[in-house]
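Listed below are the residues making up each chain.
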Amino acid sequence: MSAGFQLGVIGSLALSVASSVAIVICNKALMSTLGFPFATTLTSWHLMVTFCTLHVAQRLHFFEPKAIDGQTVILFGLLNGTSIGLLNLSLGFNSIGFYQMTKLAIIPFTVLLETIFLKKRFSESIKLSLLVLLLGVGIASVTDLKLNLLGSILSGLAIATTCVGQILTNTIQKRLKVSSTQLLYQSAPYQAAILFATGPFVDQQLTNRSVFAHKYSAPVLGFIVLSCLIAVSVNFSTFLVIGTTSPVTYQVLGHLKTCLVLSFGYTLLHDPFTLRNILGILIAIFGMALYSYFSVRESKKKSTNDALPVSQMPDKEAEPLLATKDSSDTKKANGLSHDC
């Protein structure tokens, strides 16, 4: 793994955390202070602004668009839009504690799906670090666990669509060799369309209020615009992180954001905070540190194994090189290897 790539990954992680925390602060002011509770409709506006921004950037040649199979893009966009709507419905029809459990369940289900369908293997160390992380976030954020049939069904659908959507985000970028910007540019209109069509209905069910009947004051409009602008960075960094790392890493990062938001709420907004919250955050941060350590160690180990020098290859692979001693010595010095 090159130094440039590592810096790019660190930069994408930092951008994701900073933009996500910023939009939580903005939306908290918009929804709690200014009384605009229409989260799903607001998300559709986020995606529309994101697409418009990327379209302008493309016309100014900041990136080159790349054609992707239409059916793939449409299905991908609709799946991601549906997952957002289902998560909002899950929050509306479940207790906050059960909703937090739904979000926690995304990591193990993602690991399970990648293991079954992508044949990806996770070491015992990675699994242990994820368990510690989930334990910490659970202690910090989960309160009550009231169950109901409709809420449970919605949560199950939300978990399934979110896991599949994030795995596809990573898979499409790597297999079709498209950048995060290109994929987001192609799929954002479809994600926006499904949320724009269903958002008012979903928000009506959750709030018993109509987004069309709301009185839009100057402060409300100002925070909506600010939220949409920050969302451009959030959406871009989401695709960037999943594309350069993995869906599991993105979920780990999401729980870091949860801990930061809880800490921010206590420090600046004086939200209720208990010893349990503090203990949970500390355990979660320890779990994240373990995950980061084991991920980096395994990445380095994989890079070393993928670039074994000739001297470490099986004898039958090295035999053809014995006739040309100079060539063999040069390759050994440069650490080159032959593919099987």
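This is a predicted model, so every value here is computed, not measured.

### Observations regarding the pattern of salt bridges
Inference 1: Per the counting criterion, the structure on display carries 2 salt bridges.
Inference 2: A salt bridge links Lys-127 to Glu-124; its shortest N-O distance comes to 3.9 Å. With Lys-127 and Glu-124 both in helix α5 (residues 124–141) and 3 residues apart, the pair spans about one turn of that helix.
Inference 3: For Lys-127, a relative accessible area of 41% puts it in the partly exposed group.
Inference 4: Relative accessible area serves as the criterion here: at 61%, Glu-124 is assigned to the exposed category.

### What to know about the packing of helix α3 (residues 70–93) against helix α7 (residues 180–207)
Inference 1: It is at 7 Å that the axes of α3 and α7 come closest, and there the two elements cross at 30 degrees. Put simply, α3 runs roughly parallel to α7. For the element pair α3 and α7, the recorded crossing hand is right-handed.
Inference 2: Along the lines of polarity and charge, the residues of the contact of α3 with α7 split into 13 nonpolar, 10 polar and no charged.

### Some remarks on the packing of aromatic side chains
Inference 1: The tally for this structure, following the rule as stated, stands at 7 aromatic pairs.
Inference 2: Measuring from ring centre to ring centre gives 5.4 Å for Phe-51 and Tyr-185, while their planes differ by 15 degrees; the resulting arrangement is stacked. Here Phe-51 is found in helix α2 (residues 39–59), whereas its partner Tyr-185 is found in helix α7, with 134 residues between them in sequence.
Inference 3: Judged by relative accessible area, Phe-51 falls into the partly exposed class, the value being 26%.
Inference 4: Consider the rings of Phe-63 and Tyr-185, whose centres lie 5.6 Å apart with planes at 75 degrees: the pair is edge-to-face. One end of the pair, Phe-63, is in the loop between α2 and α3; the other, Tyr-185, is in helix α7, and 122 residues separate them in sequence.
Inference 5: For Phe-63, a relative accessible area of 12% corresponds to the buried category.

### A look at the UniProt feature "transmembrane region" (unreviewed entry) in the protein chain
Inference 1: Residues annotated by UniProt as "transmembrane region" (unreviewed entry) correspond here to residues 38–60, 72–91, 125–143, 149–171, 222–243 and 275–294.
Inference 2: For residues 38–60, the helix share is 91%, the strand share is 0%, and the end-to-end C-alpha distance is 33 Å.
Inference 3: End C-alpha atoms of residues 72–91 are separated by 29 Å, and the span's content is 100% helix alongside 0% strand.

### A word on a nonpolar patch on the surface
Inference 1: Taken together, Phe-109, Leu-112, Ile-116, Phe-117 and Leu-118 make up a surface patch of nonpolar side chains, about 500 Å² in accessible area.
Inference 2: Positionally, Phe-109 belongs in helix α4 (residues 96–117).
Inference 3: Overall, Phe-109 belongs to the partly exposed group, its relative accessible area being 42%.

### As for the nonpolar core
What tends to happen in soluble globular proteins is that the nonpolar side chains get buried as a cluster.
Inference 1: In terms of nonpolar packing, the biggest core is built from 19 residues, with Leu-130, Leu-133 and Val-252 touching the most fellow members.
Inference 2: Taken together, the elements giving at least two residues each to this core come down to α4, α5, α9 (247–267) and α10 (275–306).
Inference 3: With 6 residues, the single largest contributor to this core is α5.
Inference 4: Ranked by size, the runner-up nonpolar core spans 13 residues in total, among them Val-73, Phe-76, Val-178 and Ala-188.

### Considerations on the packing of α2 against helix α8 (residues 218–244)
Inference 1: One way to put it is that α2 packs onto α8 with a least axis distance of 8 Å and a crossing angle of 65 degrees. Of the two elements, α2 crosses α8, and the hand of that crossing is right-handed. For the pair α2 and α8, contact is made by Leu-42, Trp-45, His-46, Leu-47, Val-49, Thr-50 and Thr-53 and by Ile-224, Ser-227, Cys-228, Ala-231, Val-232 and Asn-235, respectively.
Inference 2: When the residues that make up the contact of α2 with α8 are grouped by side-chain class, the tally is 8 nonpolar, 5 polar and no charged.

About the thresholds
- Residues numbered from 1 in each chain as written.
- Predicted model: local features only at pLDDT ≥ 70, side-chain atom pairs only at ≥ 80, totals over all residues.
- Heavy atoms only, no water.
- Salt bridge = Lys/Arg side-chain N within 4 Å of Asp/Glu carboxyl O.
- Helix = DSSP H or I, 4+ residues; strand = E, 2+ residues; numbered from the N terminus.
- Buried < 20%, exposed > 50% of the residue type's maximum accessible area, 1.4 Å probe, protein only.
- Axes fitted to C-alpha atoms, helices over the stretch in contact; angles between N-to-C directions.
- Parallel < 35°, antiparallel > 145°, perpendicular 65-115°, else oblique.
- Left-handed = near helix turned anticlockwise from the far one by under 90°.
- Nonpolar A, V, L, I, M, F, W, Y, C, P; charged D, E, K, R; others polar.
- Phe/Tyr/Trp six-rings, centres within 6.5 Å; stacked < 30°, edge-to-face > 60°.
- UniProt positions renumbered as here; feature names shortened; annotations may be inferred.
- Patch = residues over 30% accessible without salt bridge, like charges linked within 9 Å, V, L, I, M, F, W, Y side chains within 5 Å.
- Areas by Shrake-Rupley, 256 points an atom, 1.4 Å probe, with all protein chains shown as cover.
- Core = buried A, V, L, I, M, F, W, Y, C linked by side-chain atoms within 4.5 Å.
- Contact = heavy atoms within 4.5 Å.

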